[in-house]
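Examining the three-dimensional arrangement
What follows is the residue order along each chain.
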Amino acid sequence: MSIPFPLLTDHFAPLASRYDVAFCDVWGVIHNGVAPFPETVDALQRFRAGGGRVVLLTNAPRDGDVVVQFLDGLKVPRDAYDAVVTSGDVARAEIEARRADAALHIGPERDTSMFDDLDLRFTDVEHADYVICSGLYDDETETPDDYRDLLAAMRRRELFMVCANPDRVVERGNVLVYCAGAIADAYEAVGGGVMFTGKPYRPIYERALACAQRLRGADVPLDRVVAIGDSVRTDLRGASGFGIDCLFVTAGIHAEELGGRDSIDHGALAAIFTDAGILPAAVTRRLAW
């Protein structure tokens, strides 16, 4: 059964007055891991200049300060956003509650800032009390299939996993690389227990809303918040579950199935929303003012 087609727009400006706050995705919307998108940076700057607040909402499995430093390195100006909320921030709170337990960390060394000042004990799968997954050890050469034996050993010991990044894949340049969500999904598939700390799950949105309300110094009604993102699974589903609008960007991780980065296949777009059973408020190829 099909659902109505959403509004298609090339510009955010006609929609901007509806919202006081934008929860904006980072990878795939603001940058591709290699370079920022100038038109997106401009749109966020203009939204802020008009009184809006921008909270970057990302499934990065590290704290917000590290994301800010990464954006600085890409030359994304700080006046394009007000704050950053990450899945790593939410995961850290869960990990801190388990700081007496020994953990197995699955993920690259670059994610360990999430553990700063927690004095955690890390160990192997045979001695761990639980698992923290922030990604693959080497996302340039590995796939989830490389983790089959490790996941089986975790399942035998009935270890609980905290997944610090629910994304399955993310863009790096024009290449898609696997993320922690792909490992967590594979663990769930063999019966393992998983807690996902980022989008599309509610805790990260609650944290972002609290941040937006502090920035504005007042309550922010949900109908004055828009989520901007490129993933049906995380951005669209998360916005819908939290009760806020979504502006869906097609030139991100779904680009190849939706007609490419320079055009939109309307039939494919309708199909992806029908399959999800969720409709965004509007669709744009790339965020631009």
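Cut-offs used in this document
Residues numbered from 1 in each chain as written. Predicted model: local features only at pLDDT ≥ 70, side-chain atom pairs only at ≥ 80, totals over all residues. Heavy atoms only, no water. Helix = DSSP H or I, 4+ residues; strand = E, 2+ residues; numbered from the N terminus. Expected span 1.5 Å × (residues − 1). Buried < 20%, exposed > 50% of the residue type's maximum accessible area, 1.4 Å probe, protein only. Arc of directions from axis to C-beta. Contact = heavy atoms within 4.5 Å. Phe/Tyr/Trp six-rings, centres within 6.5 Å; stacked < 30°, edge-to-face > 60°. Lys NZ or Arg CZ within 6 Å of the ring centre and 35° of its normal. Axes fitted to C-alpha atoms, helices over the stretch in contact; angles between N-to-C directions. Parallel < 35°, antiparallel > 145°, perpendicular 65-115°, else oblique. Nonpolar A, V, L, I, M, F, W, Y, C, P; charged D, E, K, R; others polar. Pairing = 2+ DSSP bridges.

**Some points on helix α7 (residues 202-216)**
Note: α-helices contain 3.6 residues per turn, so residues at a spacing of three or four share the same orientation. Along its 15 residues, α7 runs 21 Å from first to last C-alpha, staying within 8% of the 21 Å computed at 1.5 Å per residue. Considered for burial, the residues of α7 that qualify are I204, Y205, A208, L209, C211 and A212. Axial view of α7: buried residues confined to an arc of 160°, hence all on one face. Where the residues of α7 are buried, they touch β2 (21-24), β3 (53-58), β4 (83-86), α4 (87-97), β12 (225-229) and α8 (232-242). A positive phi of about 70° marks G217, the residue just after α7.

**Observations concerning the packing of aromatic side chains**
Taken as a whole and judged by the stated rule, the model has 8 aromatic pairs. Taken together, a centroid distance of 5.0 Å and an interplanar angle of 55° make the contact between F115 and F122 tilted. On the basis of relative accessible area, F122 is assigned to the partly exposed category, the value being 41%. Residues F196 and Y201 carry aromatic rings whose centres are separated by 5.2 Å and whose planes lie at 10° to one another, so their mutual orientation is stacked. According to the relative accessible area criterion, F196 is buried, its value standing at 9%. Using a relative accessible area of 31% as the deciding quantity, one classes Y201 as partly exposed. Members of the aromatic cluster, each reached through a chain of ring pairs, are F12, F47 and W289. The ring of F37 carries R286 above its face, with NZ or CZ at 3.9 Å from the centroid.

**Points about the packing of α7 against α8**
Running from N to C, α7 and α8 point in directions that differ by 70°, and their axes come no closer than 10 Å. In terms of orientation, α7 lies roughly perpendicular with respect to α8. Two secondary-structure elements touch here, α7 through R202, Y205, E206 and L209 and α8 through T234, D235, G238, A239, G241 and F242. Of the residues that constitute the contact of α7 with α8, the class distribution is 4 nonpolar, 3 polar and 3 charged.

**A short note on the sheet that holds β12**
Spatial strand order, β1-β14-β13-β12-β2-β3-β4: 7 strands in an open sheet with parallel pairing. A strand with exactly one partner marks an edge of an open sheet, and here the two such strands are β1 (7-8) and β4. Pairing between β2 and β3: 4 bridges, direction parallel. If you follow V21 over to β3, its bridge partner there is R53. On the sheet, helix α2 (residues 38-49) packs against β2 and β3 and is oriented at approximately 140° with respect to β3.

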